[in-house]
Amino acid sequence: MFAVILTMAAASAALSLGSLRITQTSPAPSAKQPIQESVEKAAKPQQRISLTPQYSPGQVVRYQMQATTITDSHHGGAVRDPQGPTSLTLVWNAITRLEVLAMGKNAQGQPDGTLRLRSTYEKSDASANSGSYDPEAESIEAKYRAMEGKSFEFTVDAAGHISNIEGFEGGDGPGSPADAIRASLGQLSTGKNGPSDGIIIGQTWTTDEPVPTAPLAGLTWRSRSTYERNEPCQLAAAKASSPVAGQGEICAVILTKLSLIGSRPGHDATPENFKKMGLTTAGTWTGEGDSLSYVSLSSGRLVTVTQSSNEQMDFTVTQEGGDRMTYKGTVQSRSHLALLPPTP
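Everything numeric in this text was worked out from a predicted model, so none of it was measured. (Residues numbered from 1 in each chain as written. Predicted model: local features only at pLDDT ≥ 70, side-chain atom pairs only at ≥ 80, totals over all residues. Heavy atoms only, no water.)

Below, the discussion takes up the pairing of strand S13 (residues 324–339). Two elements, strand S12 (residues 302–319) and S13, share 15 bridges in a ladder whose sense is antiparallel. Considered in S13, the bridge of Asn 310 is made with Gln 332. Counting the residues that bridge the hairpin from S12 to S13 gives 4 residues, and of these Gly 322 lies at a positive phi of roughly 105 degrees. (Pairing = 2+ DSSP bridges. Helix = DSSP H or I, 4+ residues; strand = E, 2+ residues; numbered from the N terminus.)

Okay, here's the thing in structure tokens:
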């Protein structure tokens, strides 16, 4: 079952929402000599770009996603795993439709960058392969296919943090679809907005995003993002498997390095929701990855993002009576998200 939970969490859709605007104004022209003007232009500071959401209620965007997740795991403890180590490869293809439902406002009535969104899966298809007959693999395929036509709503704030996910049946605990969406969206949305005063080419910034529903407390995804360069968006489109929006535009290229940081040594690693069930957890969960994002300078929309990551986990879950389950495993993920052209 833990393999199912990890596979669903790692393969969930990831959307990063934000828009770009140039915040630095050009100085008034001067009457200096042409040679002097050329020297000053060469030394002129770069314009800062601020990632500020500028969506409007009712606006709709559509994304296509392909994701592959390979999970290798081994269970032991009170209930032994008779089949030993298991491996599961999941390939998920989806098209999601995002609709802006509402925009938050501050005390002065101005937009504060918070958005309430509805995501609808227009397409959702998956194939799971464990190398042998596995009822869990068939169950995973069925769950992903059942998502087609389903909708959920969530809130994203100006910093890219995801909250208040609603619309899934089956609750909001570990392993639920809502939990899977929150985990993946959080990893890719954090750090994209950059510092509040804007960013320039070559600038690097770091952000942390807690993983509140993991079986070990204190886990945090740390993102170190760098605004690498500007280049035509069609270069990103050429890497996609089908045409995407943004061709003919210039994109900001942002490279992000991800690292999963564990809890402090000697710190109780049991999350509160596990304590309420009379469980104690201990162990390690580490990971690293990277993503490459193309964001249109003219529209501010994410055109494409490609991400890969690797995670390693080795932890135990102990009941009050002393029964213990051990879990060891790895998860390798690759995903690609692309903005689709508007429908006629």
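Let us look at the packing of aromatic side chains. What the rule picks out here adds up to 6 aromatic pairs. Between Tyr 121 and Phe 152, the aromatic rings sit 6.3 Å apart at their centres with planes inclined by 35 degrees, giving tilted as the arrangement. On the criterion of sequence distance, the pair formed by Tyr 121 in strand S5 (residues 111–129) and Phe 152 in strand S6 (residues 151–156) is long-range, its members being 31 residues apart. Grouped by ring-pair contacts, the aromatic residues Trp 92, Tyr 121, Tyr 144, Phe 152 and Phe 154 constitute a single cluster. (Phe/Tyr/Trp six-rings, centres within 6.5 Å; stacked < 30°, edge-to-face > 60°.)

To continue, consider the side chain of Glu 231. Secondary-structure assignment places Glu 231 in strand S9 (residues 220–232). At 2.6 Å, the side chain of Glu 231 and the side chain of Tyr 294 are in polar contact. The residues touching Glu 231, leaving out its near neighbours within four places in the chain, are Glu 249, Ile 250, Cys 251, Val 253 and Tyr 294. (Polar contact = N/O pair within 3.5 Å; in protein donor to acceptor, adjacent residues only side chain to side chain. Contact = heavy atoms within 4.5 Å.)

The next subject is the confidence of the model for the protein. Detailed reading of the predicted coordinates is not advisable wherever pLDDT is low. Taken residue by residue, the protein gives an average pLDDT of 75. The fraction at 70 or more is 69%. Counting interchain partners and residues more than four positions distant, the pLDDT-below-50 stretch residues 1–43 has 106 contacts. Here residues 170–178 is a poorly scored stretch, pLDDT under 50, and it has 17 contacts once near neighbours within four places are set aside; other chains count. (pLDDT = per-residue confidence, 0-100.)

Looking at chain direction, S9 and strand S10 (residues 250–261) are connected through 12 bridges and run antiparallel. Opposite Thr 220, over in S10, you have Ile 261 as the bridge partner. One ladder, built from 10 bridges, connects S10 with strand S11 (residues 279–296); its direction is antiparallel. Note that in S11 the partner of Leu 260 across the bridge is Gly 287.

Enumeration according to the criterion identifies 12 salt bridges in this entry. The partner of Asp 125 in a salt bridge is Arg 145, and the shortest N-O contact between them spans 3.2 Å. Of this pair, Asp 125 sits in strand S5 while Arg 145 sits in helix H3 (residues 135–146), and the two are 20 residues apart along the sequence. What makes Arg 145 partly exposed here is its relative accessible area of 42%. If you follow the salt bridges from partner to partner, you end up with Arg 97, Glu 99, Arg 116, Arg 118, Glu 153 and Glu 166 in one network. (Salt bridge = Lys/Arg side-chain N within 4 Å of Asp/Glu carboxyl O. Buried < 20%, exposed > 50% of the residue type's maximum accessible area, 1.4 Å probe, protein only.)

This part covers the environment of Ala 94. Within the fold, Ala 94 resides in strand S4 (residues 86–105). By relative accessible area, Ala 94 is classed as buried at 5%. As a C-alpha pair, Ala 94 and Tyr 144 span 50 residues in sequence and 9.3 Å in three-dimensional space. Excluding residues within four positions of it along the chain, Ala 94 makes contact with Tyr 63, Gln 64, Met 65, Tyr 121, Lys 123 and Ser 124.

Attention now goes to the state of the cysteines. Enumeration according to the criterion identifies 1 disulfide in this entry. Two residues share a disulfide in this structure: Cys 233 and Cys 251, whose sulfurs sit 2.0 Å from each other. Note on the Cys 233 and Cys 251 pair: the S-S dihedral is about 105 degrees, so by sign convention the disulfide is right-handed. Here the residue Cys 233 occupies a position in helix H5 (residues 233–239), and Cys 251 occupies one in strand S10, the gap between them amounting to 18 residues. Given the relative accessible area of 0%, Cys 233 is considered buried. (Disulfide = S-S within 2.5 Å.)

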